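So the chains spell out like this:
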Amino acid sequence: MTTETLTPDSARSAAAGPEVRRMDLLRFATAGSVDDGKSTLIGRLLYDTKSLFTDQLAAVEAVSAARGDEYTNLALLTDGLRAEREQGITIDVAYRYFATPRRKFIIADTPGHIQYTRNMVTGASTADLALILVDARKGLVEQSRRHAFLCSLLRVPHLVLCVNKMDLVDYSQEVFERIADEFTAFAAKLDVPDLTVVPISALKGDNIVTRSESMPWYEGPALLHHLERVHIASDRNLVDVRFPVQYVIRPQSTTVTDYRGYAGQVASGVLKPGDEVMVLPSGFTSRIASVETADGPVAEAFPPMSVTVRLEDEIDISRGDMICRPNNAPAVAQDIEAMVCWMDETRPLQVGGKYAIKHTTRTARAIVRGLHYRLDINSLHRDESAAELRLNEIGRVRLRTTIPLLADEYRRNRTTGGFVIIDETTNRTVAAGMIVETP
Amino acid sequence: MTATAAYQVTHLDALEAESIFVMREVVAEMERPVLLFSGGKDSIVMLRLAQKAFAPAHIPFPVMHVDTGHNFPEVLDYRDRRVAELSLHLVVASVPEALASGLVRESADGMRNRIQTPVLLDAVEKHRFDALFGGARRDEEKARAKERVFSFRDEFGQWDPKNQRPELWSLYNGRHHPGESIRVFPLSNWTELDVWHYIARERIELPSIYYAHEREVIERDGMLYAVNEFLPARAGEERFKAQVRYRTVGDASCTAAVRSDADTVEKVIEEVAATRITERGATRGDDRVSEAAMEDRKREGYF
Ligand SMILES: Nc1nc2c(ncn2[C@@H]2O[C@H](COP(=O)(O)OP(=O)(O)OP(=O)(O)O)[C@@H](O)[C@H]2O)c(=O)[nH]1
Ligand SMILES: [Mg+2]
């Protein structure tokens, strides 16, 4: 292999000028098995978009040289922890940022190692898009399927399969198509709304920022082109008004009197002054008097705005309540059917177990009433004889909560359909839950 | 908020909304939050976000300054004006007092970055703060790039990077036992450039040292340091005047200035957009010690 030295371009991304203000935001995560090249891809993307600083690059080159790497190891740009560098793997999510004139990108580079699946789930939970990497030499492995499944479970709206290390299979169209077909067949069982497939070499930079000359048979866009243009605006739910009350603002002041506002971030839908609203769980109705921010009132509020809503009537509302519409409300439910991804290595989920549950701005206690099945991620087979869920296992459970949750199905609403389970003795977050059904 | 007809917000609005959400979560769920206020641009932006999150009410928590005793006078002056304007309660965790009382000892190189950690932890314990807002951003440094928005610290203030709590969606877990605490980073997803765009948009006043001015400096290890009582010129170091500004504001004995003509916020934005060195790389002597200097300090309880 040849020794490659990287020289940063004289000017960093022109993207960074004042016009930056009009950009929108795309959050994406990497996924795929260990060593398939996720961190290298992110390093390459940062490098080729000139989003790197000379001192960052110099530090990485120095570490690479000191270790005797044959080429600058771009994965070191995101593998920032000492333990990660020692082991040459990613352990926890690294967040990186770059911008082009079209978009600002927030990248979550996640670990492929099965032991750290919960960190992958952390990175993917907020992603608009996931890049699933597969090593062209190895094809789909169990961990590729697990991550693809988790992305679909978390309902990441856009998936991109990156068949990586094409340089090691002579840029073979046949290899690429075989993997693409196999993945597409698997994805068909998963309910993946949008799938794109790209052959790349993260190491050499093929099809990352510009189209590769080594793969003339590939007619699609380079990866960056896709990231810049993928349409995400319609991923948001603007139909169902859901405003989880986060905090009640009541100034203790002599200048501002009788002020009562409900602060929160719009989960979905559009709120306007004059709209008739219902407050759950009480069921009282009122109208929106105003929607305010510190900069003054606004005509409308929609996701992801953080605002303060004031109502025409004095009703008793506190944190954990939900403002919605009388004719479009979430379920008020204490019996919850959910898919759960267990993330604790010390104790498994067991039927009868009691936990704390955090859902929107509400906290409840819950007991596991039943475990319907544990899912085999490779075959998607349901094991109905399972008695518990261990670290990284996924299953369907029935929960009973102490107070009702104001919940939607996760597939309809990522904010009002997702929850976490917390072990009350260790305080650790032990599971991610996605509501599938409310009675 | 600047929205288009298609119900879209700009990335700056999205970042602001996320930060405000985080601050409200903390106030709703934690007992005794405090905001770390250094007078640096990130903590100033954080303070503005706190104002916005709770308006028209006052900011419902105190601010704390970890005072190394090596201050830029412009920054101290700024701090005191802000505190008065917003009727904030200011807690000062003083390194000089801690030196006097024997809590810490001056380090051999005279840098106070490391010894401020026990002083911070002591103040946290004394005031029983359970949530500390910090202005750190993930784009600053590779260890910070790994940190959660709600970052758990044990009873010794330590961060365990290999054992962080999963953090899904915007469901933050701030639970802790007595003595433990949570560091909260509302600006996690902001970059240096985002911060400057926001300062421009919000017309936020900053300490004057962030803008180009003439100053007497020396060059040391390739960086320009202001000559002052905390950082006297060594034998053989030549003092000269240069047009400089500060990209970060930290301890005056280890924070360097950069050559710059940017004397307005617009010019600073242009400069930051074109720069090719990270802000810590350009200005912090303390990060140059080793590859994992920041990770090591964070493990001990540093921000
Ligand atoms: N030849 C070749 N090697 C590659 C390519 N992409 C990555 N590699 C190499 O594969 C190895 C693993 O790469 P990483 O980027 O660390 O893999 P990863 O997917 O981030 O691994 P984890 O985060 O630990 O799951 C490194 O030695 C890379 O240099 C590629 O396109 N071609
Ligand atoms: Mg990696």
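Keep in mind it's a predicted model, so treat the numbers as computed, not measured.

What counts and what doesn't
Residues numbered from 1 in each chain as written. Chains lettered and ligands numbered in written order. Predicted model: local features only at pLDDT ≥ 70, side-chain atom pairs only at ≥ 80, totals over all residues. Heavy atoms only, no water. Helix = DSSP H or I, 4+ residues; strand = E, 2+ residues; numbered from the N terminus. Buried < 20%, exposed > 50% of the residue type's maximum accessible area, 1.4 Å probe, protein only. Areas by Shrake-Rupley, 256 points an atom, 1.4 Å probe, with all protein chains shown as cover. Lys, Arg positive; Asp, Glu negative; His and termini not counted. Charge placed at Lys NZ, Arg CZ, Asp CG, Glu CD. Rg over C-alpha atoms; globule rule 2.2 N^0.38 Å. Contact = heavy atoms within 4.5 Å. Buried area = accessible area lost by both parts, 1.4 Å probe. Salt bridge = Lys/Arg side-chain N within 4 Å of Asp/Glu carboxyl O. Polar contact = N/O pair within 3.5 Å; in protein donor to acceptor, adjacent residues only side chain to side chain. Donors = N, O, S within 2.8 Å, 3.2 Å for Na, K, Ca; no water. UniProt positions renumbered as here; feature names shortened; annotations may be inferred. Near = heavy atom within 4 Å. Core = buried A, V, L, I, M, F, W, Y, C linked by side-chain atoms within 4.5 Å. Expected span 1.5 Å × (residues − 1). 1 Å grid on protein atoms, 1.4 Å probe; cavity = no way out; pocket = protein on both sides within 12 Å on 5 of 7 lines; lining within 4 Å. Points joined across faces, edges and corners; volume = space filled by probe spheres on them. Nonpolar A, V, L, I, M, F, W, Y, C, P; charged D, E, K, R; others polar. Pairing = 2+ DSSP bridges. Axes fitted to C-alpha atoms, helices over the stretch in contact; angles between N-to-C directions. Arc of directions from axis to C-beta.

### Some remarks on the overall build of chain B
- Within chain B one finds nine helices and 10 strands.
- Projected onto its principal axes, the C-alpha positions of chain B cover 55 × 55 × 40 Å.
- The buried share of chain B, reckoned over its 303 residues, is 63%.
- For chain B, the accessible area works out to roughly 11,400 Å², and carbon and sulfur atoms hold 48% of it.
- Mean positive and mean negative side-chain charge positions of chain B (42 and 51 charges, respectively) differ by 1 Å.

### Details of the overall build of chain A
- Counting secondary structure elements, chain A contains seven helices and 23 strands.
- Relative to the compact-globule value of 22 Å for 439 residues, chain A shows a C-alpha radius of gyration of 24 Å, a close match.
- For the C-alpha atoms alone, the extent of chain A along its principal axes is close to 75 × 60 × 40 Å.
- A separation of at least 24 residues holds for 71% of the contacts in chain A among residues at least 6 apart in sequence.

### Some remarks on the interface of chain B and chain A
- If you look at the interface, chain B gives 69 residues, while chain A gives 92 residues.
- Summing both partners gives a buried area of about 6,900 Å² for chain B against chain A, and 56% of it is carried by carbon and sulfur.
- It is Tyr7(B), Trp169(B) and Arg276(B) that lose the most area in chain B upon contact with chain A, and together they represent 14% of the buried surface on that side.
- Across the pair Arg148(B) and Asp92(A) runs a salt bridge, and its minimum N-O distance is 3.1 Å.
- Summed over the shared surface of chain B and chain A, the number is 34 residue pairs in polar contact (both at pLDDT 80 or more).
- Ranked by residues supplied to the side of chain B that touches chain A, first place goes to helix 1 (residues 11-29) of chain B with 12 residues.

### Some words on the coordination of the magnesium ion (ligand 2)
Residue and element names in this part refer to chain A.
- Distances from the magnesium ion (ligand 2) to its protein donors, namely Ser 39 (OG) and Thr 90 (OG1), fall within the range 2.0 Å. Taken as a pair, Ser 39 in helix 1 (residues 38-48) and Thr 90 in the loop between helix 3 (82-87) and strand 2 (94-99) lie far apart in primary sequence, 51 residues in all.
- Under the relative-accessibility criterion, Thr 90 is labelled buried at 9%.

### So, the UniProt feature "domain: Phosphoadenosine phosphosulphate reductase" (unreviewed entry) in chain B
- Under the present numbering, the feature "domain: Phosphoadenosine phosphosulphate reductase" (unreviewed entry) in UniProt falls on residues 33-256 of chain B.
- The span residues 33-256 of chain B is 25% helix and 19% strand, and its two end C-alpha atoms sit 31 Å from each other.

### With respect to the UniProt feature "domain: Tr-type G" (unreviewed entry) in chain A
- The residues that UniProt annotates with the feature "domain: Tr-type G" (unreviewed entry) are residues 23-236 of chain A.
- Within residues 23-236 of chain A, the helical portion is 35% and the strand portion 19%, while the C-alpha atoms at the span's ends are 17 Å from each other.

### Quick look at the site of ligand 1
All names here are of chain A.
- Inspection of the region around ligand 1 gives 21 residues, with Lys 38, Thr 40, Thr 90, Gly 112 and Asp 167 positioned closest.
- The contact in question runs from an oxygen atom of ligand 1 to an N or O atom on the side chain of Asn 164, over 3.0 Å.
- Between a nitrogen atom of ligand 1 and a side-chain N or O atom of Asp 167, the distance comes to 2.7 Å.
- For the shell around ligand 1, the element with the highest residue contribution is helix 1, accounting for three residues.

### A word on the environment of Ala94(A)
- Among the structural elements, Ala94(A) can be located in strand 2.
- Note: C-alpha distance between Ala94(A) and Pro111(A) (17 residues apart in sequence) is 9.0 Å.
- Contact partners of Ala94(A), with chain neighbours within four places excluded, come to Thr78(A), Ile107(A), Ala108(A), Asp109(A), Ala145(B) and Lys146(B).

### Structural notes on the nonpolar core
- Residues Phe28(A), Leu131(A), Leu154(A), Leu227(A), Leu311(A) and Trp169(B) are the most contacted members of the largest nonpolar core, which totals 112 residues.
- Broken down by element, the residue count for this core peaks at seven residues, all from helix 6 (residues 173-188) of chain A.
- For Leu311(A), the contacting residues outside a window of four places in its chain are Tyr262(A), Val277(A), Val279(A), Ser286(A), Arg287(A), Ile288(A), Ala289(A) and Ile317(A).
- Ile20(B), Met23(B), Val27(B) and Val75(B) belong to the second-largest nonpolar core, a separate cluster that totals 63 residues.

### Quick word on helix 6 of chain A
- Relative to the 22 Å expected for 16 residues at 1.5 Å per residue, helix 6 of chain A spans 22 Å between its end C-alpha atoms, a close match to the ideal helical length.
- Residues of helix 6 of chain A that are buried sit in contact with strand 4 (129-135), helix 5 (142-153), strand 5 (158-164) and strand 6 (195-199) of chain A.

### Remarks on the layout of surface pockets
- Each pocket or cavity is described by its volume, and for the largest pocket that value is around 1,500 Å³.
- Broken down by secondary-structure element, the contributors of at least two residues to the lining of the largest pocket are strand 1 (24-32) and helix 4 (117-125) of chain A together with helix 1 of chain B.
- For the lining of the largest pocket, a count of residues per class yields 21 nonpolar, 14 polar and 13 charged.

### Here we look at the sheet that holds strand 3 (residues 90-94) of chain B
Residue and element names in this part refer to chain B.
- Pairing in this open sheet of six strands is mixed, and the strands run 3-2-1-4-6-5 from one edge to the other. Taken across any chain shown, the strands that pair with only one partner, and hence form the sheet edges, are strand 3 and strand 5 (150-153). Adjacent strand axes in the sheet meet at a mean angle of 30 degrees when their direction is disregarded.
- The pairing of strand 4 (residues 131-133) with strand 6 (residues 181-184) spans three bridges and is classified as parallel. Counterpart to Phe 133 in the pairing with strand 6 is Val 184.
- Packed onto the sheet, helix 2 (residues 41-54) meets strand 1 (33-36), strand 2 (63-67) and strand 4 and runs at close to 140 degrees relative to strand 1.

### Digging into helix 7 (residues 265-274) of chain B
Residues and elements named next belong to chain B.
- Among all positions of helix 7, only Val 265, Val 268, Ile 269, Val 272 and Ala 273 are buried. In a view along the axis of helix 7, the buried residues occupy a sector of 135 degrees, so they form one face of it. Exposed and oriented more than 90 degrees from the buried face of helix 7 are Glu 270 and Ala 274.
- Those residues of helix 7 that are buried lie in contact with helix 6 (192-202) and strand 9 (240-245).

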